[in-house]
Amino acid sequence: MLQVERLKKAFDGFQAISDANLSVPQGEVVAVIGPNGAGKSTLFNLISGHLQADSGHIRFLNEDITNLAPYKICHKGMARSFQLINIFTSLTVFENVQTAVIAKHRLDQKFFKPSKRLVVEETLDVLESLGLLEYKDRSCSSLSYGDQKVLEIAIAVGSKPTLLLLDEPTAGMSSEETQRIVNLIKHLSREKGLSILITEHDMDLVFDVAQKIMVLHQGKTIAQGLPQDIRNDKSVQNAYLGETG
Ligand SMILES: Nc1ncnc2c1ncn2[C@@H]1O[C@H](COP(=O)(O)OP(=O)(O)OP(=O)(O)O)[C@@H](O)[C@H]1O
Ligand SMILES: [Mg+2]
């Protein structure tokens, strides 16, 4: 579904991504792991079109999407959440998700003016699926941090993606809130059939949800494979897992 090949990105001469390679098979949860500053968020920004690559290729559903605008990539079926919460705090929970539902219909053209009923139905469906229905009329600023992170994922799901990118969805969360995100990832993957690409520092979460892991170290992919192979990989242990115990 997604292939990244020999991707490179420098910031003012600093090579943040020097050789990233990744493949996400349809229907799988794939985790990108690596120490702080390894380039995980930069890689996500390149994949979603929020940053332009210097060289290399990104293919999504057999199309070259390298350096396309974010809205064009979203239209092709990719949505993401950010490491720092990115929601409209002045809107209600319902309105936040509704903006994504409407935007997706507008991009689809054929439903240039979707009926209000359809938009409401789809929005409520997303809120229910992510466990936010009871908060639908609440202002976002009144939500807990954990609920705001879930809302950000709900906004991404509102654009009906086939591939969902989650950049540290549990950053700053309690263990209870983290478990909620684990359950949500499993629900979206198993029940909704979404392919998911995630970055996380929480190794328990990674080994619980991921069918495949890619290890990024100083901007370079040093390993990619099944969780048990990554766990036993000597270069990974030296570069990363060793550091975190
Ligand atoms: N816009 C930018 N301009 C200059 N340098 C940047 C920029 N964005 C990221 N970097 C640098 O690129 C490197 C990779 O950063 P990135 O945020 O991708 O790492 P990360 O793996 O997501 O780290 P973390 O685990 O802390 O989120 C870092 O050294 C960072 O300082
Ligand atoms: Mg990051």
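A quick note: this is a predicted structure, and the numbers were derived from the prediction, not measured. (Residues numbered from 1 in each chain as written. Chains lettered and ligands numbered in written order. Predicted model: local features only at pLDDT ≥ 70, side-chain atom pairs only at ≥ 80, totals over all residues. Heavy atoms only, no water.)

A. Structural view of the environment of valine 4. Take valine 4: it is sitting in strand 1 (residues 2-11). You can call valine 4 buried: its relative accessible area is 3%. Residues valine 4 and threonine 66, spaced 62 residues apart in sequence, show a C-alpha to C-alpha distance of 9.2 Å. In this structure valine 4 touches Ala20, Asn21, Leu22, Leu43, Ile47, His57 and Ile58, once residues within four positions along its chain are discounted. (Helix = DSSP H or I, 4+ residues; strand = E, 2+ residues; numbered from the N terminus. Buried < 20%, exposed > 50% of the residue type's maximum accessible area, 1.4 Å probe, protein only. Contact = heavy atoms within 4.5 Å.)

B. Representation of the packing of aromatic side chains within the structure. All told, the structure shown has 0 aromatic pairs when counted by the stated rule. Between arginine 80 and the ring centre of phenylalanine 82, over which it is positioned, the NZ or CZ distance is 3.9 Å. Across the ring face of phenylalanine 207, the terminal group of arginine 231 is positioned such that the distance to the ring centre comes to 4.0 Å. (Phe/Tyr/Trp six-rings, centres within 6.5 Å; stacked < 30°, edge-to-face > 60°. Lys NZ or Arg CZ within 6 Å of the ring centre and 35° of its normal.)

C. View of the domain arrangement of the chain. The domain boundaries assigned to the chain delineate domain 1 (1-77 + 161-245) and domain 2 (87-160). The centre of domain 1, based on its C-alpha atoms, is set 24 Å off from the matching centre of domain 2. Domain 1 puts 20 residues into the contact, and the matching count from domain 2 is 18 residues. Carbon and sulfur atoms supply 63% of the area buried between domain 1 and domain 2, which totals about 1,500 Å² over both sides. Here domain 1 and domain 2 share 1 salt bridge between them. Between aspartate 147 and arginine 180 there is a salt bridge whose closest N-O contact spans 2.7 Å. Inspection of the domain 1/domain 2 interface yields 5 residue pairs in polar contact (both at pLDDT 80 or more). Mapped onto the side of domain 1 that touches domain 2, the elements with two or more residues apiece are helix 2 (70-75), strand 7 (163-167) and helix 6 (175-190). Looking at side-chain class alone, the side of domain 1 that touches domain 2 contains 11 nonpolar, 5 polar and 4 charged residues. (Domains from an automatic or database assignment. Buried area = accessible area lost by both parts, 1.4 Å probe. Salt bridge = Lys/Arg side-chain N within 4 Å of Asp/Glu carboxyl O. Polar contact = N/O pair within 3.5 Å; in protein donor to acceptor, adjacent residues only side chain to side chain. Nonpolar A, V, L, I, M, F, W, Y, C, P; charged D, E, K, R; others polar.)

D. Inspection of the packing of helix 5 (residues 145-158) against helix 6 at higher detail. Closest axis-to-axis distance for the helix 5/helix 6 pair is 10 Å, and the angle between their directions is 15°. With respect to their mutual orientation, helix 5 and helix 6 come out roughly parallel. Helix 6 is crossed by helix 5, and the crossing has right-handed handedness. The residues of helix 6 that touch helix 5, namely those facing Gly146, Asp147, Val150, Ile153 and Val157, are Glu177, Arg180, Ile181, Leu184 and Leu188. (Axes fitted to C-alpha atoms, helices over the stretch in contact; angles between N-to-C directions. Parallel < 35°, antiparallel > 145°, perpendicular 65-115°, else oblique. Left-handed = near helix turned anticlockwise from the far one by under 90°.)

E. Structural detail: the layout of surface pockets. Taken as a whole, the largest pocket spans an internal volume of roughly 550 Å³. The wall of the largest pocket is formed by 21 residues, among which Cys74, Arg80, Phe82, Ile155 and Ala156 lie closest to the centre. Elements with a contribution of two residues or more to the lining of the largest pocket: helix 2, strand 6 (78-81), helix 3 (93-108) and helix 5. Per-class residue counts for the lining of the largest pocket are 13 nonpolar, 5 polar and 3 charged. (1 Å grid on protein atoms, 1.4 Å probe; cavity = no way out; pocket = protein on both sides within 12 Å on 5 of 7 lines; lining within 4 Å. Points joined across faces, edges and corners; volume = space filled by probe spheres on them.)

F. Focus on the nonpolar core. Ranked by size, the top nonpolar core spans 47 residues in total, and within it Leu151, Ile153, Leu164, Ile196 and Ile213 carry the most contacts. Counting residues per element, this core draws most heavily on helix 5, which supplies 7 residues. Summarising the domain contributions, this core has at least three residues from each of domain 1 (1-77 + 161-245) and domain 2 (87-160). Residues within four places of isoleucine 153 in sequence aside, it is in contact with Leu130, Leu164, Leu166, Pro169, Ile181, Leu184 and Leu188. Judged by nonpolar contacts, the second largest core, of 25 residues, contains Leu2, Ile17, Leu46 and Ile65. (Core = buried A, V, L, I, M, F, W, Y, C linked by side-chain atoms within 4.5 Å.)

G. Just the site of ligand 1, in detail. In the neighbourhood of ligand 1, 14 residues make up the surrounding shell, with Gly37, Lys40, Ser41, Thr42 and His201 lying closest. Contact distances for ligand 1 include 2.9 Å between an oxygen atom and a side-chain N or O atom of asparagine 36. The contact in question runs from an oxygen atom of ligand 1 to an N or O atom on the side chain of threonine 42, over 2.6 Å. For ligand 1, the protein covers 62% of the area, taking 640 Å² as the surface of the free molecule. Mapped onto the shell around ligand 1, the elements with two or more residues apiece are strand 2 (14-24) and helix 1 (40-47). Broken down by element, the shell around ligand 1 gets its largest block of residues, 3 residues, from helix 1. When grouped by side-chain class, the residues that make up the shell around ligand 1 number 5 nonpolar, 7 polar and 2 charged. (Near = heavy atom within 4 Å. Areas by Shrake-Rupley, 256 points an atom, 1.4 Å probe, with all protein chains shown as cover.)

H. Structural detail: the pairing of strand 9 (residues 212-217). With respect to burial, strand 9 is a largely interior element, 5 of its 6 residues being buried. The turn linking strand 9 back onto strand 10 (residues 220-225) is made up of 2 residues, and glutamine 218 within it adopts a positive phi angle of 50°. (Pairing = 2+ DSSP bridges.)

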